[in-house]
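# Coordinate inspection notes
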Amino acid sequence: MEPWFRAAQTLVAKVQGYHRALRLRSLVNRGSAEQPGLVMTLLSGGSCRGLLYRVAPQDSEATLHRLWLREMVVGTYVPRWLDCHCADGLGTRKALAFTLSRRSPGWVGDLADDRLLHILRHARGRYGTTLDYLTRAVTCLREHGIHDRALERQLALARAHGL
């Protein structure tokens with residue numbers, strides 16, 4: 001998804017050792033205590049392509065502060081500086097990423113399709129629904145030539161069930 005902050009540059013990059021997954025329980029941003037939603041994280045294992053955002057130096061402190069307040073609201077993520085192999089041919093760059101331990105109480109594990117569909121139908125938080133979050137993420141990734149098989153399958157499942 002496009003960031004809520006001003007990016008000076010957006011690059012497609014690949015991360016080794018982590019993959020994107022809609023597996024973090026959201027009780028605030030995309031769900032509630034009554035109906036938990038889901039948000040994405042990076043889990044160890046595999047690799048994935050995604051977007052790397054560079055922030056102008058004069059905006060970096062304020063952007064990092066706002067990012068930290070938004071992403072670390074309950075302290076579930078494990079922030080890490082990961083090596084990102086950029087498609088621009090200029091080598092590897094470090095980027096802040098929000099990863100998740102499978103031992104975290106926020107990790108939902110493997111989801112059966114019926115459980116995922118229930119979440120996509122009902123979960124809503126302060127930033128909207130889990131379904132909208134998934135749809136926007138898949139659309140944004142596609143716009144940058146990235147097709148995440150797991151997310152594409154989850155969105156196709158939702159569409160096949162009228163969501």
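This text goes with the structure placed above it.
These notes cover the structure that comes with them.

## Considerations on the side chain of Thr135
Residue position: Thr135 is located in helix α3 (residues 130-143). With a relative accessible area of 18%, Thr135 lands in the buried category. At 3.2 Å, the side chain of Thr135 forms a polar contact with the side chain of Arg159.

## A word on the layout of surface pockets
Approximately 410 Å³ is the volume found for the second largest pocket. What lines the second largest pocket is a set of 18 residues, among which Arg20, Asp148, Arg149, Ala150 and Leu151 lie closest to the centre. When residues of the lining of the second largest pocket are traced back to their parent elements, those giving at least two are β1 (9-26), β2 (37-54) and α4 (149-160). Class assignment for the residues of the lining of the second largest pocket results in 8 nonpolar, 4 polar and 6 charged.

## Quick word on the nonpolar core
Of all hydrophobic cores here, the largest spans 31 residues; its most connected members are Leu22, Leu38, Leu134 and Leu151. Looking at this core, the elements that each hand over two or more residues are β1, β2, α2 (113-122), α3 and α4. Top element by residues in this core is α3. It accounts for 6 residues. By size, the runner-up hydrophobic cluster in this structure holds 12 residues, among which are Ala13, Cys48, Cys84 and Ala97.

## Some words on the pattern of salt bridges
Tallied over the entire structure, the rule returns 9 salt bridges. Arg70 is the partner of Glu71 in a salt bridge, and the nearest nitrogen-oxygen pair spans 3.5 Å. Look at Arg70 and you get partly exposed, because its relative accessible area is 23%. Asp113 is the salt-bridge partner of Arg153, the closest N and O atoms lying 2.9 Å from each other. Pair noted here: Arg153 is in helix α4 and Asp113 is in helix α2, with a separation of 40 residues, a long-range link. Take Arg153: its relative accessible area is 43%, and that puts it in the partly exposed class. Look at the salt bridges and you will find they share partners, linking Arg30, Asp132 and Arg136 into a network.

Rules behind the numbers
Residue indices begin from 1 for each chain and proceed along its sequence in written order. Only residues with pLDDT of at least 70 get local features here, since the model is predicted, and only at 80 or more are side-chain atom pairs given and counted; chain-wide, interface and lining totals rely on the full set of residues. To obtain the side-chain values, all non-hydrogen atoms of the structure were used and water was disregarded. Comment: elements are numbered from the N terminus, with helices defined as DSSP H or I runs of at least four residues and strands as E runs of at least two. In this scheme, a residue with accessible area under 20% of its type's maximum is buried, one over 50% is exposed, and one in between is partly exposed, where area comes from a 1.4 Å probe on protein chains only. Definition of a polar contact: a pair of N or O atoms within 3.5 Å, with one able to donate and the other able to accept a hydrogen when the atoms are protein atoms, and with sequence-neighbouring residues admitted only if both atoms are side-chain atoms. Lining residues are defined by having an atom within 4 Å of a point belonging to a cavity or pocket. Those points lie on a 1 Å grid over the protein atoms alone, cavities being sets where a 1.4 Å probe fits but cannot get out and pockets being open sets with protein on both sides within 12 Å along at least five of seven lines. Grid points are joined across faces, edges and corners, and a volume is the space filled by probe spheres set on the points. Classification used: nonpolar for Ala, Val, Leu, Ile, Met, Phe, Trp, Tyr, Cys and Pro, charged for Asp, Glu, Lys and Arg, polar for all others including Gly. By convention a nonpolar core is built from buried Ala, Val, Leu, Ile, Met, Phe, Trp, Tyr and Cys residues, the set being connected through side-chain atoms within 4.5 Å. Criterion for a salt bridge: a side-chain nitrogen of Lys or Arg within 4 Å of a carboxyl oxygen of Asp or Glu.

Keep in mind these numbers describe shape, not what the thing actually does.
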